[in-house]
Amino acid sequence: MNTFEKIYDVVKKIPKGKVASYGTVAAIAGNPRWSRVVGYALHVNPEPDKIPCHRVVTRNGEVSKAFAFGGDNMQRLLLTEEGVSFLADGRVDMKKHGWSGFDSSEAD
(Lines give C-alpha, C1' and ligand atoms only; values in the text may rest on other atoms or scores of the structure.)
Protein backbone atom coordinates (compact mmCIF):
# COMPACT_ATOMS: atom_id res chain seq x y z
CA MET A 1 0.00 0.00 0.00
CA ASN A 2 1.48 3.37 -0.98
CA THR A 3 1.47 6.51 1.17
CA PHE A 4 -1.63 8.07 -0.39
CA GLU A 5 -3.55 4.79 -0.04
CA LYS A 6 -2.62 4.67 3.67
CA ILE A 7 -3.88 8.23 4.06
CA TYR A 8 -7.13 7.51 2.22
CA ASP A 9 -7.67 4.43 4.37
CA VAL A 10 -7.45 6.56 7.53
CA VAL A 11 -9.71 9.32 6.16
CA LYS A 12 -12.37 6.75 5.27
CA LYS A 13 -12.53 5.82 8.96
CA ILE A 14 -13.39 9.31 10.21
CA PRO A 15 -17.05 9.06 11.24
CA LYS A 16 -19.78 11.48 10.23
CA GLY A 17 -19.96 14.33 12.70
CA LYS A 18 -16.24 14.08 13.48
CA VAL A 19 -13.10 15.67 12.08
CA ALA A 20 -9.41 14.82 12.27
CA SER A 21 -6.42 17.09 11.86
CA TYR A 22 -3.90 16.61 9.08
CA GLY A 23 -1.40 15.61 11.77
CA THR A 24 -3.69 12.99 13.27
CA VAL A 25 -4.29 11.45 9.85
CA ALA A 26 -0.54 11.51 9.17
CA ALA A 27 0.32 9.83 12.47
CA ILE A 28 -2.29 7.09 12.05
CA ALA A 29 -1.17 6.54 8.44
CA GLY A 30 2.34 5.85 9.65
CA ASN A 31 4.36 9.05 9.94
CA PRO A 32 3.50 12.13 12.03
CA ARG A 33 5.61 14.24 9.67
CA TRP A 34 3.28 13.60 6.73
CA SER A 35 0.84 16.45 7.49
CA ARG A 36 1.63 18.22 4.21
CA VAL A 37 1.52 14.91 2.36
CA VAL A 38 -2.00 14.41 3.74
CA GLY A 39 -2.93 17.76 2.23
CA TYR A 40 -1.46 16.78 -1.14
CA ALA A 41 -3.26 13.43 -1.07
CA LEU A 42 -6.61 15.02 -0.27
CA HIS A 43 -6.12 17.63 -2.98
CA VAL A 44 -6.03 14.83 -5.56
CA ASN A 45 -8.68 12.66 -3.88
CA PRO A 46 -9.62 10.09 -6.57
CA GLU A 47 -12.93 9.12 -4.94
CA PRO A 48 -14.56 12.10 -3.19
CA ASP A 49 -17.77 10.11 -2.71
CA LYS A 50 -15.86 7.42 -0.77
CA ILE A 51 -13.01 9.39 0.80
CA PRO A 52 -14.54 12.14 2.99
CA CYS A 53 -11.68 14.62 2.75
CA HIS A 54 -13.95 17.39 4.05
CA ARG A 55 -13.56 15.80 7.50
CA VAL A 56 -9.88 16.80 7.69
CA VAL A 57 -9.06 20.21 9.19
CA THR A 58 -6.08 21.94 10.75
CA ARG A 59 -5.12 21.10 14.32
CA ASN A 60 -6.88 24.32 15.36
CA GLY A 61 -10.10 23.30 13.61
CA GLU A 62 -9.73 25.59 10.62
CA VAL A 63 -11.28 24.45 7.35
CA SER A 64 -9.24 24.30 4.16
CA LYS A 65 -9.23 27.11 1.65
CA ALA A 66 -8.20 24.65 -1.06
CA PHE A 67 -10.37 24.41 -4.13
CA ALA A 68 -10.47 20.61 -3.77
CA PHE A 69 -13.36 21.16 -1.36
CA GLY A 70 -14.98 23.81 -3.49
CA GLY A 71 -13.54 26.38 -1.10
CA ASP A 72 -13.79 26.76 2.65
CA ASN A 73 -17.52 27.53 2.51
CA MET A 74 -18.22 24.17 0.85
CA GLN A 75 -16.21 22.27 3.46
CA ARG A 76 -18.04 24.13 6.22
CA LEU A 77 -21.40 23.34 4.60
CA LEU A 78 -20.57 19.62 4.30
CA LEU A 79 -19.45 19.46 7.92
CA THR A 80 -22.50 21.36 9.15
CA GLU A 81 -24.75 18.92 7.27
CA GLU A 82 -23.09 16.13 9.27
CA GLY A 83 -23.76 17.87 12.58
CA VAL A 84 -20.34 19.41 13.16
CA SER A 85 -20.55 22.66 15.12
CA PHE A 86 -18.33 25.68 14.84
CA LEU A 87 -17.01 28.11 17.43
CA ALA A 88 -17.71 31.84 17.19
CA ASP A 89 -14.38 32.37 15.39
CA GLY A 90 -15.37 29.95 12.61
CA ARG A 91 -13.24 27.00 13.69
CA VAL A 92 -14.58 23.51 14.30
CA ASP A 93 -15.19 22.74 17.97
CA MET A 94 -12.37 20.20 18.21
CA LYS A 95 -13.21 19.23 21.80
CA LYS A 96 -16.63 18.13 20.66
CA HIS A 97 -15.91 16.85 17.15
CA GLY A 98 -12.22 15.91 17.11
CA TRP A 99 -11.52 12.26 16.21
CA SER A 100 -8.37 10.61 17.52
CA GLY A 101 -8.64 7.44 15.46
CA PHE A 102 -8.85 5.13 18.44
CA ASP A 103 -12.47 4.14 17.87
CA SER A 104 -12.72 3.20 14.21
CA SER A 105 -15.96 1.30 14.90
CA GLU A 106 -17.79 4.62 14.45
CA ALA A 107 -16.80 4.87 10.79
CA ASP A 108 -19.46 4.77 8.14
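Here, every reference points to the structure presented above.
The shown structure was predicted, so the numbers you read here are calculated from the model rather than taken from an experiment.

Trainee: Help me understand the packing of helix H2 (residues 22-29) against helix H3 (residues 35-43), please; the structure alone is not making it clear to me.
Mentor: The relative placement of two packed helices is expressed as an angle between their axes plus a distance between the axes. At their nearest, the axes of H2 and H3 sit 8 Å apart, and the two run at 100 degrees to each other. Regarding the angle of H2 to H3, the classification is roughly perpendicular. Seen from H2, the contacting residues are Tyr-22, Gly-23, Val-25 and Ala-26; seen from H3, they are Ser-35, Val-38, Gly-39 and Leu-42. Class assignment for the residues of the contact of H2 with H3 results in five nonpolar, three polar and no charged.

Trainee: Would you explain the nonpolar core in this entry?
Mentor: The nonpolar side chains of soluble globular proteins are, as a tendency, buried together. Grouped together as the largest cluster of nonpolar side chains are 18 residues, with contacts concentrated most on Ile-7, Val-11, Ile-14, Val-25, Val-38, Leu-42 and Val-56. Taken together, the elements giving at least two residues each to this core come down to helix H1 (3-12), H2 and H3. Residues Val-19, Val-57, Val-63 and Val-92 belong to the second largest nonpolar core, which totals seven residues.

Trainee: I would appreciate a short explanation of the environment of Gly-98 in the present structure.
Mentor: Relative to the helices and strands, Gly-98 is located in the segment after helix H5 (94-97). On the basis of relative accessibility, which here comes to 31%, the residue Gly-98 falls in the partly exposed class. Linking Gly-98 and Gly-61, residues 37 residues apart in sequence, is a C-alpha distance of 8.4 Å. Excluding residues that lie within four positions of it along the chain, Gly-98 makes contacts with Lys-18, Val-19 and Asp-93.

Trainee: Would you take a moment to explain H1 for this structure?
Mentor: Three or four residues apart is the spacing at which side chains of an α-helix point the same way, because the helix has 3.6 residues per turn. Residues of H1 that are buried include every one of Ile-7, Tyr-8, Val-10 and Val-11, and no others. Buried residues in H1, looked at end-on, bunch into an arc of 160 degrees, giving them a common side. Tucked into the core, H1 has its buried residues touching H2, H3 and strand E2 (56-57).

Rules used in this analysis
Residues numbered from 1 in each chain as written. Predicted model: local features only at pLDDT ≥ 70, side-chain atom pairs only at ≥ 80, totals over all residues. Heavy atoms only, no water. Axes fitted to C-alpha atoms, helices over the stretch in contact; angles between N-to-C directions. Helix = DSSP H or I, 4+ residues; strand = E, 2+ residues; numbered from the N terminus. Parallel < 35°, antiparallel > 145°, perpendicular 65-115°, else oblique. Contact = heavy atoms within 4.5 Å. Nonpolar A, V, L, I, M, F, W, Y, C, P; charged D, E, K, R; others polar. Core = buried A, V, L, I, M, F, W, Y, C linked by side-chain atoms within 4.5 Å. Buried < 20%, exposed > 50% of the residue type's maximum accessible area, 1.4 Å probe, protein only. Arc of directions from axis to C-beta.

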